[in-house]
Amino acid sequence: MSDMPPKLAEIVEEFATAPREVVLEMLLEFADAMPPLPADLAGHDGMEQVPECQTQFFLKAVVQPDDTVQTWFDCPPEAPTTRAFAGILAEGLAGSTAAEILAVPDDLYARMGLANAISPLRIRGGSAILGRLKRQVAAQSR
């Protein structure tokens, strides 16, 4: 799993090896742990909406001068699975460089073994979140 930042690889491994009945609990923990938006983003100013998600989902990625990427996500609490995707990316990608994020595999959620635990529609939404995040990073990395 060397094509992922170490923290993300660790999370993927935890999910991939967890028994199915524990996976949903793990997702909920990530949903709960998602950091709130800073006040200046409260109105989703400058954030991109992800229309593929069934619920309102916003994200923003900023490549810092040292090439690490700072990410912000916002998703309502009543969409715990989607919030969990955001929480996983927020924690797994914290401190990562632009190149590391661009190298994250697009089939991330399949590698986590989530296909057996949640609906394909939700996985599509999660993949769209990752795809848009990578697009934002790529646009700033030229």
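Above this text is the structure in question.
All values derive from a computational prediction rather than experimental measurement.

Caption draft 1: Main features of a negative patch on the surface. Taken together, the side chains of Glu21, Glu25, Glu29 and Asp32 define an acidic patch exposed on the protein surface. Turning to its location among the elements, Asp32 is positioned in helix α2 (residues 20-32).

Caption draft 2: Just the pattern of salt bridges, in detail. For the structure shown, the criterion picks out six salt bridges. Across the pair Arg132 and Glu48 runs a salt bridge, and its minimum N-O distance is 2.5 Å. Taken together, the residues Arg132 in helix α6 (residues 120-140) and Glu48 in strand β1 (residues 48-49) connect sequence positions 84 residues apart. Take Arg132: its relative accessible area is 14%, and that puts it in the buried class. The exposure class assigned to Glu48 is partly exposed, which follows from its relative accessible area of 23%. A salt bridge links Arg132 to Glu52; the nearest nitrogen and oxygen atoms lie 3.2 Å apart.

Caption draft 3: Structural detail: the sheet that holds strand β3 (residues 69-74). Across the sheet, which stays open at both edges, the three strands sit in the order β1-β2-β3 with antiparallel pairing between neighbours. The open sheet has two free edges, formed respectively by β1 and β3, since each of these has just one partner strand. The sheet contact formed by strand β2 (residues 58-63) and β3 spans six bridges and is antiparallel. Bridge pairing links Val63 to Val69 in β3. In the packing of α6 onto the sheet, contacts are made with β1, β2 and β3, and the angle to β2 comes to roughly 30°.

Caption draft 4: Broad picture of the nonpolar core. Counting residues in hydrophobic clusters, the biggest one holds 45 residues, and the most contacted among them are Phe15, Phe73, Leu108 and Leu114. Those residues in contact with Leu114 that lie beyond four places of it in its chain are Phe15, Val23, Leu27, Phe85, Tyr109 and Ile123. Leu37, Met47, Phe58 and Trp72 belong to the second largest nonpolar core, which has five residues in total.

Caption draft 5: Quick look at the side chain of Lys134. Along the chain, Lys134 turns up in helix α6. Excluding anything up to four places from it in sequence, Lys134 contacts Ile101, Leu102, Val104, Pro105 and Asp106.

Caption draft 6: Up close: the environment of Ala139. As for its placement among the helices and strands, Ala139 is situated in helix α6. Judged by relative accessible area, Ala139 falls into the partly exposed class, the value being 45%. Sequence spacing of Ala139 and Pro65 is 74 residues, and the spatial spacing of their C-alpha atoms is 15 Å.

Caption draft 7: Fine view of α2. Residues Val23, Met26, Leu27, Phe30 and Ala31 constitute the buried set of α2. Along the axis of α2, the buried residues cluster in a sector spanning 145°; they form a single face. Turned more than 90 degrees away from the buried face of α2 sit Glu21, Glu25, Glu29 and Asp32, all of them exposed.

Caption draft 8: Region of the structure containing the packing of helix α1 (residues 6-17) against helix α3 (residues 80-92). One way to put it is that α1 packs onto α3 with a least axis distance of 8 Å and a crossing angle of 140°. The angle between α1 and α3 places the two elements in the oblique class. Contacts between α1 and α3 pair Lys7, Leu8, Ile11 and Phe15 from the former with Ile88, Glu91 and Gly92 from the latter. Its residues assigned to classes, the contact of α1 with α3 shows four nonpolar, one polar and two charged.

What counts, and at which threshold
Residues numbered from 1 in each chain as written. Predicted model: local features only at pLDDT ≥ 70, side-chain atom pairs only at ≥ 80, totals over all residues. Heavy atoms only, no water. Patch = residues over 30% accessible without salt bridge, like charges linked within 9 Å, V, L, I, M, F, W, Y side chains within 5 Å. Areas by Shrake-Rupley, 256 points an atom, 1.4 Å probe, with all protein chains shown as cover. Salt bridge = Lys/Arg side-chain N within 4 Å of Asp/Glu carboxyl O. Lys, Arg positive; Asp, Glu negative; His and termini not counted. Charge placed at Lys NZ, Arg CZ, Asp CG, Glu CD. Helix = DSSP H or I, 4+ residues; strand = E, 2+ residues; numbered from the N terminus. Buried < 20%, exposed > 50% of the residue type's maximum accessible area, 1.4 Å probe, protein only. Pairing = 2+ DSSP bridges. Contact = heavy atoms within 4.5 Å. Axes fitted to C-alpha atoms, helices over the stretch in contact; angles between N-to-C directions. Core = buried A, V, L, I, M, F, W, Y, C linked by side-chain atoms within 4.5 Å. Arc of directions from axis to C-beta. Parallel < 35°, antiparallel > 145°, perpendicular 65-115°, else oblique. Nonpolar A, V, L, I, M, F, W, Y, C, P; charged D, E, K, R; others polar.

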